[in-house]
Structures are given as C-alpha cells and as structure tokens.
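# Structural characterization, general
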Amino acid sequence: MGFEQFELQSEFSRELSEGDQRILVRAWGQDDLTLEPDATHFGMVAEGRGFLKQDTGPFVHLIAGMYFVAPREGLLGAGPGSGLVVSVFGYQGLRQFGGPVEKAGRLRYIDGCTDTLLVCPPVLGEPCLNHLHIPAGTRQSQHTHPSVRLGIVLSGHGWCWTEGSRHELRAGTGWWIPTGCLHSFETEDSPLDVMAWHPDSDFGPTDGFHPMLNRTLLPS
C-alpha cells in the first residue's frame, strides 16, 4: 500500500499495527469523537475550532494549528473544526497542549525545509509529533522512513511524489505514508505546512542520560 490522502471532514477510520503497537487513526470533523480509556490520543487541529474534555484534565478550547496529547478517556468536540486523532493503545503518554504552530520550523531539515519537534518523546523510542515547513519552490529528495508517518496539511499547497504517482496536497486533508514508502514533497508558488506523527523515535532521554542527571554535579 502506498501514500494515501483523505478528507478530515469524512468518517475516515483505520486501524493498523506498527511493531507491537495497536494504533487507531480517525478523522475528526463532523461529529464529536469519544476517546478510549486504554489509549493515549495524539490530536492535530487543521481547521476551525473544537474542544477537549477529560475528567482527569482541564477543559481545553482548540483552534487551527493546535495539538494535544491526551492520556485515557475523553471527548473531542467538533466545534465546528476538523483534524486528526491517532490513538495508541497500551501506551501512557504525558498530557500536553500546544500551538498554534509557528510560521517555520526551528531545526534544519533536508533540502531547505525546517522542522519543530512539537511533542518530544518522554523516553527514548516513544512517539513524537512534528511540524514540517516546506518553503515555496522546494523539490525534496526522494526518501523513506523506517516507520509509518501520519499527519495533516495545515496550510499551503503542494504535492507528494511516490514511485510513478503525484498526489495533490491542500489544507484540511489528512495523509498516511506507510513504512518504507519512497516519497518526496514538492511546492511551487506556495509554502506547505504539515504536522507529522511518528510512532517511534531514535531520540529521547534515558535513565542514564537526561538533563536533570547530566546537569547534577557531585563533588569529586
């Protein structure tokens, strides 16, 4: 299976497995969405407004460009707005809210693109969420990823090239790039901004390497 794009105002729902993880991917827009108690939910807001309500956390108003990590059960209200929710079962994430995203990323990425790590993995190897900014006039090098990528188009216009196919990218849509799929992003007159969720990472703190420990100096 190759690159797939879908409308966020649709009833798109897909269950997949990545390693030993069970992952449920759902578009959110027309109706409220119930969040299950045995999962951590990564949310991305593409357009409009909404809200997140949990018994164990604050009531949060959401607008376009925001994102959240919501452990356990909750209710995601339509607003009306639209976005994407990635639910990872059997995983306990840290509750977080952020955004709207900045105009460009803070880190260099390939071919003049920039990236911001919006949700850092609490521990090495755990999921993360990124904001990828692709300037106008960019033709990325073809590349792959060692795990699935799921996300939304926040703003702008462009294309995703896969082997022999070109897929138009526009604001308010979601996308899915399977593990190992050869692809690249291209823009012309408009920049393109996307959020991208990763199920794993090769970056993050460990018991033997984290800022609190590293910056604790014991007398010799």
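An account of the accompanying structure is given in this report. Quick caveat: nothing in here was measured; it's all calculated off a predicted structure. (Residues numbered from 1 in each chain as written. Predicted model: local features only at pLDDT ≥ 70, side-chain atom pairs only at ≥ 80, totals over all residues. Heavy atoms only, no water.)

## So, the overall build of the protein
Basically, it comes down to this: Runs of E in the DSSP output that reach at least two residues are strands. Runs of H or I that reach at least four are helices, and both are numbered from the N terminus. Atoms counted for the radius of gyration: C-alpha only. Globule rule: 2.2 Å times residue count to the power 0.38. Buried residues are those whose accessible area, probed at 1.4 Å on protein chains only, stays under 20% of the maximum for their type, while exposed residues exceed 50% and partly exposed ones sit between those limits. Contacts are residue-level and defined by heavy atoms, with any inter-residue pair within 4.5 Å sufficient. In this description, accessible areas are obtained by the Shrake-Rupley approach with a 1.4 Å probe, and a residue is regarded as covered only by the protein chains that are shown.
Each helix and strand in the protein was counted, giving one helix and 18 strands. What you see for the protein is a C-alpha radius of gyration of 18 Å, in line with the 17 Å of a compact globule of 220 residues. Each of the three principal axes of the protein carries a C-alpha extent, and together these read 60 × 45 × 35 Å. Buried positions account for 49% of the 220 residues belonging to the protein. Long-range contacts, defined as pairs at least 24 residues apart, comprise 69% of the intrachain contacts of the protein with a sequence gap of at least 6. For the protein, the exposed surface amounts to about 10,800 Å²; the carbon and sulfur share of it is 53%.

## Structural notes on the environment of G158
Mapped onto the elements of the fold, G158 is located in strand 14 (residues 149-162). According to the relative accessible area criterion, G158 is buried, its value standing at 0%. Sequence spacing of G158 and E168 is ten residues, and the spatial spacing of their C-alpha atoms is 6.0 Å. With residues up to four places along the chain from it excluded, the contact list for G158 reads H167, E168, L169, E186, T187 and L192.

## Comments concerning the pattern of salt bridges
As a reminder of what qualifies: What counts as a salt bridge is simple: a side-chain nitrogen of Lys or Arg found within 4 Å of a carboxyl oxygen of Asp or Glu.
Within this structure, the stated rule accounts for five salt bridges. We note a salt bridge from R14 to E4, for which the minimum N-O separation is 3.0 Å. Here the residue R14 occupies a position in strand 2 (residues 13-18), and E4 occupies one in strand 1 (residues 4-7), the gap between them amounting to ten residues. Looking at E4, the relative accessible area reads 19%, which means it is buried. One salt bridge in this structure joins E36 and R26, with 3.0 Å as the shortest N-O distance. Here the residue E36 occupies a position in the loop between strand 4 (33-35) and strand 5 (39-53), and R26 occupies one in strand 3 (residues 21-28), the gap between them amounting to ten residues. The class of R26 is buried, set by a relative accessible area of 8%.

## Section: the environment of I110
One can find I110 in the loop between strand 11 (107-108) and strand 12 (114-119). The sequence separation of I110 and L33 amounts to 77 residues, and the corresponding C-alpha distance is 36 Å. Residues contacting I110, with those up to four places away along its chain left out, are Q140, S141 and H143.

## Side note on the packing of aromatic side chains
Heads up, the condition is: Working definition: a ring pair exists when centres of Phe, Tyr or Trp rings (six-membered ring for Trp) sit within 6.5 Å. Plane angles under 30 degrees give stacked, over 60 give edge-to-face, the rest tilted. Two thresholds decide whether a charge sits over a ring: the Lys NZ or Arg CZ must be within 6 Å of the ring centre and within 35 degrees of the ring normal.
With the rule as written, the count across this model stands at five aromatic pairs. With 5.8 Å between their ring centres and 55° between their planes, F42 and W197 make a pair best called tilted. Taken together, the residues F42 in strand 5 and W197 in strand 18 (residues 192-198) connect sequence positions 155 residues apart. For the residue pair F42 and W197, the accessibility class agrees, reading buried in each case. Both rings, one in W175 and one in F185, keep their centres 6.2 Å apart while their planes meet at 75°; by these two values the pair is edge-to-face. One end of the pair, W175, is in strand 16 (residues 173-177); the other, F185, is in strand 17 (residues 183-186), with ten residues separating them in the sequence. Residue W175 shares its accessibility class with F185, and that shared class is buried. Among the aromatic residues, those joined into a ring-pair cluster are F42, Y91 and W197. Residue placement shows R22 over the ring face of F89; its charged tip is 3.8 Å from the ring centre.

## Comments concerning the side chain of N130
Mapped onto the elements, N130 comes out in strand 13 (residues 128-134). Judged by relative accessible area, which is 8%, N130 ranks as buried. If we ignore the near neighbours within four places in the chain, the residues touching N130 are D115, T116, L117, L118, V194, M195, A196 and H198.

## Here's the deal with unusual backbone geometry
Between G79 and the following residue, P80, the backbone shows a cis peptide bond with an omega angle of 5°. Within the secondary structure, P80 is located in the loop between strand 8 (74-77) and strand 9 (81-89). The residue after G99, namely P100, is reached through a cis peptide bond having omega 0°. By the secondary structure assignment, P100 is in the loop between strand 10 (96-98) and strand 11. Notably, R72 is not glycine yet its phi reads approximately 70°, a positive angle. Backbone geometry places D111, a non-glycine residue, at a positive phi of 55°. Here D111 lies in the loop between strand 11 and strand 12.

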